[in-house]
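Close look at the chain arrangement
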Amino acid sequence: MLVKQFITSEKTDKKNMQFLMSLLACFVVLLSVSLSTSIPIEETFKNCLSLHSQISNQFPSTIYTSSNNSYTSILESTAQNLRYLLPSVPKPDFIFTPFHESQVQAAVICAKQHGIHMRVRSGGHDYEGLSYVSLIEKPFMILDLVKFRAVNVDIPHNTAWIQTGATIGEVYYRISEKSAVHGFPAGLCTSIGVGGLITGGAYGSMMRKYGLGVDNVVDAKIVDANGRILDRKAMGEDLFWAIRGGGGGSFGVILWWKIKLVPVPKTVTVFTVTKSLEQGANKLLYRWQQVAPNIDENLFIRVLIQPGNSSVPGQRTVTTSYNALFLGGANKLLQVMKHSFPELGLTRKDCLETSWIKSVLYIAGYPNGTPPEVLLQGKPTSKAYFKAKSDFVRQVIPETSLNTLWKVFLQDDGPLMIWNPYGGMMSRIEESATPFPHRKGTLYKIQYLTGWIDGEKNMAKHMSWMRKFYSYMTPYASKYPRENYVNYRDLDIGMNQKNCTSLSVANNSWGYRYFKGNFNRLVKVKTKVDPSNFFRHEQSIPPLRV
């Protein structure tokens, strides 16, 4: 009616015509906005992909929304912490499972262009679910790299190119297929995706001999915030440094790692010796703290600590299981133990000589006789609701203090601690060599876990206990800062907020605790390669200005 009045009015003049044109232009803009907002976000994304990818004819089968029958199974397929699959937890608007590198490039370009927040998942082991959940931003999508699983082993050059969606178990198996005397020093849990594992450090049972996974990466391919694929030469040494230990989800999408293989003997030896408090576990654990970081670097002895049945009916005790890998035969191992750790009482009967690949299965907890092919399943055998934390210990915990901490430990129904020894090669690599700074002076790392199976029913109780126990351990942990392992993410120690990635908050909480003095260099790299902060999450590295 308004337009008609302007057109038919005898008083229409040049000024009114200009107003009319402006009004019509507004109508066009409003119509455009209305149409764009009515198009589902996944359709907008898919249309954009077809313009930017070399391969576009199979996008419908690689994008999953909540209306798709496969959406839930895809979402839950590699999500490890059931706590982040509860109905109350935000779910992605859609999941994209690319199968070609150009699709990953297009995904970054399109998500950035249309303001879609992206989470990147390789194996789904992020302890706080940050690879498949966004607690601070909507809408969000998951870029799931589950189809990127190639492992190309080059024995003559002692290297392998591995895709980010492969699990570390798959990598181990493919190496062993080509050689019985080559290995790689990385994760103990075989279902972890190598994309996120190596970005955080990647420790394993050969760390005292060869260092971490990141210490044995020689090249990489990454999609940056502009959608470019960069190798080590193209990305430069600063970015290559940052992605090897600076945590996942901050600098780009890892496509490939090129790793350096390490020599392993044809015969290695494993053992597990368990002692309860009634069998002198307290005194033995006190001694382990002094021995494990300084013993022969071919020997890795970790301690799994959990509740057990006491000899007194109706009461619980604490059991300590000394779980070990020795790069050599049993006779040599027994000599080392007799000289350095006779208190454990290791006998030849306790020792199992095996191949390196079978030792991987043993340390991961598979039953004896499990065929190595199980590693090709690429997924865990079980999942649970859990909460975890970590500490690095630089001073021996007194024996009397161990006596008292068990009382708090046993207040939970399902507590677990894993003490992993450092020393050896870990003490000879500089803190600044990679972003992972927990090197010289660290005796061991503690992983704290509480797990349960009844969903939200008793979640608050377990979470409360974990925070209480972590607080109780404060006097025994490293100080200034109290160091934490980035691959055991813990949102309790601080997090970014929506539209507020605070450098000062990060530096004074999780940033300094994960990376110590390396955090400042990580911020500089982030500012240079992703100044708009496209790659972000609750504990991502912030740029200097957003």
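Nothing here was measured: the structure is a model prediction, and the numbers come from that model. (Residues numbered from 1 in each chain as written. Predicted model: local features only at pLDDT ≥ 70, side-chain atom pairs only at ≥ 80, totals over all residues. Heavy atoms only, no water.)

With that out of the way, let us pick up the overall build of the protein chain. Helix and strand counts for the protein chain come out as 19 helices and 18 strands. For a compact globule of 546 residues, the expected C-alpha radius of gyration is about 24 Å, and the protein chain comes in at 27 Å, within 12% of that figure. The positive charge centre, built from 61 side chains, and the negative charge centre, built from 40, are 2 Å apart in the protein chain. (Helix = DSSP H or I, 4+ residues; strand = E, 2+ residues; numbered from the N terminus. Rg over C-alpha atoms; globule rule 2.2 N^0.38 Å. Lys, Arg positive; Asp, Glu negative; His and termini not counted. Charge placed at Lys NZ, Arg CZ, Asp CG, Glu CD.)

Turning next to the nonpolar core. Residues Ile-162, Val-171, Ile-198, Ile-243, Phe-251, Trp-257 and Ile-259 are the most contacted members of the largest nonpolar core, which totals 80 residues. It is helix α13 (residues 356-364) that provides the largest number of residues to this core, a total of six residues. Per-domain counts for this core show at least three residues from each of domain 2 (151-264 + 490-529) and domain 3 (268-354 + 384-476). The residues contacting Trp-257, other than those within four sequence positions of it, are Ala-160, Trp-161, Ile-162, Val-194, Gly-195, Ile-198, Thr-199, Val-217, Asp-219, Ala-220, Ile-243 and Arg-244. Counting residues in each nonpolar core, the second largest holds 43 residues, with Leu-299, Tyr-322, Leu-344 and Tyr-470 among its members. (Core = buried A, V, L, I, M, F, W, Y, C linked by side-chain atoms within 4.5 Å. Buried < 20%, exposed > 50% of the residue type's maximum accessible area, 1.4 Å probe, protein only. Domains from an automatic or database assignment. Contact = heavy atoms within 4.5 Å.)

Attention shifts here to the sheet that holds strand β18 (residues 444-452). Read across the open sheet, the seven strands follow the order β15-β12-β14-β13-β17-β18-β16; overall the sheet is antiparallel. A strand with exactly one partner marks an edge of an open sheet, and here the two such strands are β15 (352-354) and β16 (385-393). The sheet shows a mean angle of 20° between the axes of neighbouring strands, taken without regard to direction. As judged from the three bridges shared by strand β12 (residues 268-276) and β15, these two strands associate in the antiparallel manner. Considered in β15, the bridge of Thr-269 is made with Glu-353. The sheet strands contacting helix α11 (residues 281-291) are β12, β13 (299-309), β14 (316-326), β17 (415-421) and β18, and the helix crosses β14 at an angle near 35°. In this fold helix α16 (residues 459-472) packs onto β16, β17 and β18, with an angle of close to 160° to the strand it touches most, β18. (Pairing = 2+ DSSP bridges. Axes fitted to C-alpha atoms, helices over the stretch in contact; angles between N-to-C directions.)

What follows covers the pattern of salt bridges. Taken as a whole, this structure holds 30 salt bridges when the rule is applied. A salt bridge links Lys-283 to Glu-399; the shortest N-O distance between them is 3.3 Å. Highlighted residues: Lys-283 in helix α11 and Glu-399 in helix α14 (residues 399-409), separated in sequence by 116 residues. Owing to a relative accessible area of 53%, Lys-283 belongs among the exposed residues under this scheme. Accessibility expressed as a relative area gives 25% for Glu-399, which makes it partly exposed. Two residues, Glu-353 and Arg-348, come together in a salt bridge whose shortest N-O distance is 3.8 Å. A relative accessible area of 39% means that Glu-353 is categorised as partly exposed. Shared partners join several salt bridges into a network, and the residues in it are Arg-83, Glu-128, Lys-387, Lys-389, Arg-467, Asp-490 and Asp-492. (Salt bridge = Lys/Arg side-chain N within 4 Å of Asp/Glu carboxyl O.)

Here we come to helix α6 (residues 168-178). Here α6 has its buried residues at Ile-168, Gly-169, Glu-170, Val-171, Tyr-172, Tyr-173 and Ile-175. Lining the buried residues of α6 we find β5 (151-154), β6 (159-163), β7 (182-183), α7 (194-200), β10 (253-260) and α13.

The next subject is the domain arrangement of the protein chain. When cut into domains, the protein chain gives domain 1 (41-144), domain 2 (151-264 + 490-529) and domain 3 (268-354 + 384-476). Look at where the C-alpha atoms of domain 2 and domain 3 centre, and you get two points 25 Å apart. The interface is formed by 30 residues belonging to domain 2 together with 37 residues belonging to domain 3. Roughly 2,500 Å² is buried in total at the junction of domain 2 and domain 3, and carbon and sulfur atoms are behind 52% of that figure. (Buried area = accessible area lost by both parts, 1.4 Å probe.)

Here the focus is unusual backbone geometry. Cis geometry is found at the peptide bond from Lys-138 to Pro-139, where omega equals -5°. Of note, Pro-139 is situated in the loop between β3 (117-121) and β4 (140-144). Backbone torsion omega between Tyr-480 and Pro-481 reads 5°, so that peptide bond is classified as cis. Inspection of the secondary structure puts Pro-481 in the loop between α16 and α17 (503-508). Non-glycine residue Asn-158 carries a positive phi angle of around 55°. Relative to the elements of secondary structure, Asn-158 occurs in the loop between β5 and β6. Judged by relative accessible area, which is 34%, Asn-158 ranks as partly exposed. Secondary-structure assignment places Tyr-480 in the loop between α16 and α17.

Inspection of the secondary structure puts Ser-390 in strand β16. Residue classification places Ser-390 among the buried residues on the basis of a relative accessible area of 2%. Polar contacts involving the side chain of Ser-390 include one to the main-chain amide nitrogen of Tyr-485, which spans 3.0 Å. Each residue touching Ser-390, except ones within four places of it in the same chain, is listed here: Ile-446, Tyr-448, Tyr-470, Glu-483, Asn-484, Tyr-485 and Tyr-488. (Polar contact = N/O pair within 3.5 Å; in protein donor to acceptor, adjacent residues only side chain to side chain.)

If you walk through the whole model with that rule in mind, you get 27 aromatic pairs. Residues Tyr-127 and Phe-386 carry aromatic rings whose centres are separated by 5.2 Å and whose planes lie at 80° to one another, so their mutual orientation is edge-to-face. Placement of Tyr-127 in the loop between β3 and β4 and of Phe-386 in strand β16 is noted, with a sequence separation of 259 residues between them. By relative accessible area, which is 13% here, Phe-386 ends up buried. Relative to Tyr-488, the ring of Tyr-485 lies with its centre 4.9 Å away and its plane at 80°, an arrangement referred to as edge-to-face. (Phe/Tyr/Trp six-rings, centres within 6.5 Å; stacked < 30°, edge-to-face > 60°.)

Okay, the state of the cysteines next. Inspection of the entire model under this criterion finds one disulfide. One disulfide in the model links Cys-48 with Cys-110; its S-S distance is 2.2 Å. Torsion about the S-S bond of the Cys-48 and Cys-110 cystine: about -85°, corresponding to left-handed handedness. Taken together, the positions of Cys-48 in helix α3 (residues 41-52) and Cys-110 in helix α5 (residues 101-113) put the pair 62 residues apart, joining distant regions of the chain. (Disulfide = S-S within 2.5 Å.)

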